[in-house]
Amino acid sequence: MNDGNGRALWIRHPLAALVPDGVDARGGLLVRDGVIEAVIAAGETPAEPHDVFDASRHVVLPGLINTHHHFYQTLTRAHPAAINRELFDWLKALYPLWARLTPDHLRIATRLALTELMLSGVTCASDHHYVFPDGLDEAMDIQAGEAAALGMRIVLNRGSMNLSVRDGGLPPDSVVQDADTILADCERVIGRHHDPAPGAMTQVALAPCSPFSVTRELMAETAALAGRCGCALHTHLAETFDENAFCEATYGCRPVDYLEETGWLTDRTWLAHGIHFNDEEMARLGRAGVGVCHCPTSNMVLASGQCRTRELEAAGVAVGLGVDGSASNDSSNLMEGVRHALMIGRLTYDASLTHLDALRWATEGSARCLGRSDIGTIAPGRQADLALFTLDELRFSGAHDPLAALVLCGAHRADRVMIAGRWTVEDGAPVGVDIAALRHAHGQAARAFMDG
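Residues numbered from 1 in each chain as written. Predicted model: local features only at pLDDT ≥ 70, side-chain atom pairs only at ≥ 80, totals over all residues. Heavy atoms only, no water.

Under an unreviewed UniProt entry, the protein has the name Amidohydrolase-related domain-containing protein and belongs to Effrenium voratum.

As structure tokens, then:
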């Protein structure tokens, strides 16, 4: 193990590795002090002293990067009040339940979601937390603490809602805050948690929830604050036809016009879903450097539509990948999401969309969405964030292309995960986490969200 003592770790002779075109990584990788020092070609050997990890059974990927999630929703998976509904009705069914969220609920939900993500090969997670019932003022601090305890990179999305049903929005009064409270806490969270440096373990993005839950004024003020503080911006946009219709009826414009009017058309912005854009809107997003997090699983579960990933990339939009909330995906497994992205992509287009496209979205594309050039790729100088999978299960028997097998045969659990040069998953188990105890505690917490 590379523990920051200056001694290198040679991850030797992987079965396969996802590396940039033209790079020979058959000899493995050399990791030192949390950074990839060298990619080693076949037949080469590191010259200086080093520890060795035999990766001959492993397919090595850059750590997966989850660019959209709602950790707290692990407490309301497959809820009878919400299954078999589309987005607006789904939200209306669950908002009153989420109003019961307490600090302890959020803590255990965050711990479980991060553990589940890590086991699927995720090394950096962005969580969009926008529900703030009374007593949950320190939500971002809770999430930062849980991520640090697990060793996970995190982007804390200080979400917000201030447009309730009373004012023409969708959420009830019990889960919204006033704009002054929101903006003050945004500044507090940035000051306490945001690290803009390369290799940062914790960063902050400002993330009003959606056009149907936030006022125009708060959108604009949030963009201005993010500009002053150098933070990224994130929101849901163009997820459903209902959302687009709400935007047109309430603000007199389509969603991309709304972004431009509120100061959000910037290369610091990435959007969740981005399904219902027209060609002209995609071109504008590309010119502005806006990214889109593709959420294939929840898009299918909620029947929201099919993201036009090929057209977005052709327009210059960075496309990343996210599991989305565990109550609309009902899982926090990004490797599963990679497979879903491939399948719906082929249904939308044709077989020229490959497993490499889906893996690229979950790694390099997601890093671009977050504005990070230090993660998402296996290359010298990048952070040593890696996901190692074996092909030992029955599902892989007879597979010939290791990288394709991960996606086509349905890999869902990493054997090893490294974050910043430290193993956080070993032999398929998260380091320092009692899975049985976590599942029990989370199950107990979920009881509070049963109907009645």
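Novice: Honestly, the overall build of the protein in this entry has me stumped. Any pointers?
Specialist: Looking only at helices and strands, the protein has 14 helices and 18 strands in total. Against the compact-globule benchmark of 22 Å for 452 residues, the protein has a radius of gyration of 21 Å, which places it among compact chains. Dimensions along the principal axes, computed over C-alpha positions, put the protein at roughly 65 × 45 × 45 Å. Each of the 452 residues in the protein was classed as buried or not, and the buried ones make up 61%. Here the contacts in the protein between residues at least 6 apart in sequence split such that 75% fall between residues at least 24 apart. For the protein, the accessible surface area stands at approximately 16,600 Å², while carbon and sulfur atoms represent 49% of it. Separation between the mean location of the 36 positive side-chain charges and that of the 57 negative ones in the protein comes to 3 Å. (Helix = DSSP H or I, 4+ residues; strand = E, 2+ residues; numbered from the N terminus. Rg over C-alpha atoms; globule rule 2.2 N^0.38 Å. Buried < 20%, exposed > 50% of the residue type's maximum accessible area, 1.4 Å probe, protein only. Contact = heavy atoms within 4.5 Å. Areas by Shrake-Rupley, 256 points an atom, 1.4 Å probe, with all protein chains shown as cover. Lys, Arg positive; Asp, Glu negative; His and termini not counted. Charge placed at Lys NZ, Arg CZ, Asp CG, Glu CD.)

Novice: Help me out: how do you make sense of the nonpolar core in this one?
Specialist: A general tendency of soluble globular proteins is for nonpolar side chains to be buried together. Ranked by size, the top nonpolar core spans 119 residues in total, and within it L61, W90, L91, W98, F277 and M335 carry the most contacts. Residue contacts for W90: discarding those within four places in its chain leaves Q73, A82, R85, W98, L302, A327 and S328. Core analysis: the second largest hydrophobic core is formed by 18 residues, A17, V60, I378 and W423 among them. (Core = buried A, V, L, I, M, F, W, Y, C linked by side-chain atoms within 4.5 Å.)

Novice: When you look at the sheet that holds strand β15 (residues 386-390) in this model, what are you seeing that I'm missing?
Specialist: Strands pair in a sheet through their backbones, by hydrogen bonds, and they do so in one of two ways: parallel or antiparallel. The strand order across the open sheet formed by six strands is β2-β6-β15-β16-β17-β18, and the pairing between neighbours is mixed. Where the open sheet ends on each side, the last strands, each with one partner, are β2 (16-17) and β18 (429-430). In the sheet, strand β16 (residues 416-419) pairs with strand β17 (residues 422-426) via three bridges, with the strands oriented antiparallel. Its bridge partner lying in β17, M418 is registered against W423. (Pairing = 2+ DSSP bridges.)

Novice: Would you mind showing me how to read a negative patch on the surface here?
Specialist: A cluster of acidic residues, D178, D180, E217 and E221, forms a negative patch at the surface. Its location among the elements puts D180 in helix α4 (residues 179-193). According to the relative accessible area criterion, D180 is exposed, its value standing at 61%. (Patch = residues over 30% accessible without salt bridge, like charges linked within 9 Å, V, L, I, M, F, W, Y side chains within 5 Å. Salt bridge = Lys/Arg side-chain N within 4 Å of Asp/Glu carboxyl O.)

Novice: How should the pattern of salt bridges be read in this particular structure?
Specialist: Pairing is possible between side chains of opposite charge, provided their charged atoms come close. Throughout the structure, instances matching the rule amount to 28 salt bridges. Two residues, E426 and R416, come together in a salt bridge whose shortest N-O distance is 3.8 Å. Of the two residues, E426 sits in strand β17 while R416 sits in strand β16, which places them ten residues apart along the sequence. Taking relative accessible area as the criterion, E426 reaches 31% and is therefore assigned partly exposed. We classify R416 as buried; its relative accessible area is 12%. The structure contains a network of salt bridges with shared partners spanning D141, R158, D185, R188 and R192.

Novice: Help me understand the packing of helix α11 (residues 334-348) against helix α12 (residues 355-369) in this model?
Specialist: Any two packed helices are characterised by the angle at which their axes cross and by the distance between the axes. Between α11 and α12, whose axes approach to 9 Å, the crossing angle comes to 135 degrees. Between α11 and α12, the crossing angle belongs to the class labelled oblique. Where α11 crosses over α12, the two elements pack in a sense that is right-handed. Counting all contacts with α11, which are made through L334, M335, V338, A341 and L342, the residues of α12 involved are H355, A358, L359, W361 and A362. Of the residues in the contact of α11 with α12, the class split is nine nonpolar, one polar and no charged. (Axes fitted to C-alpha atoms, helices over the stretch in contact; angles between N-to-C directions. Parallel < 35°, antiparallel > 145°, perpendicular 65-115°, else oblique. Left-handed = near helix turned anticlockwise from the far one by under 90°. Nonpolar A, V, L, I, M, F, W, Y, C, P; charged D, E, K, R; others polar.)

Novice: Before we go on, may I ask you to explain the sheet that holds strand β13 (residues 291-294) in this structure?
Specialist: Spatially, β7-β8-β9-β10-β11-β12-β13-β14 is the arrangement adopted by the eight strands of the open sheet, whose pairing is parallel. Bordering the open sheet on either side are β7 (64-66) and β14 (318-321), each of which pairs with just one other strand. Direction aside, neighbouring strands of the sheet carry axes that sit 25 degrees apart on average. Summarising the sheet, strand β12 (residues 269-273) and β13 pair through three bridges and their orientation is parallel. Residue pairing in the sheet places W270 in a bridge with G291 of β13. Its contacts with the sheet place helix α2 (residues 103-119) against β7 and β8 (122-129), and it is angled at close to 145 degrees to β8. Across the face of the sheet, α4 comes into contact with β9 (153-160) and β10 (202-208) while running at roughly 165 degrees to β10.

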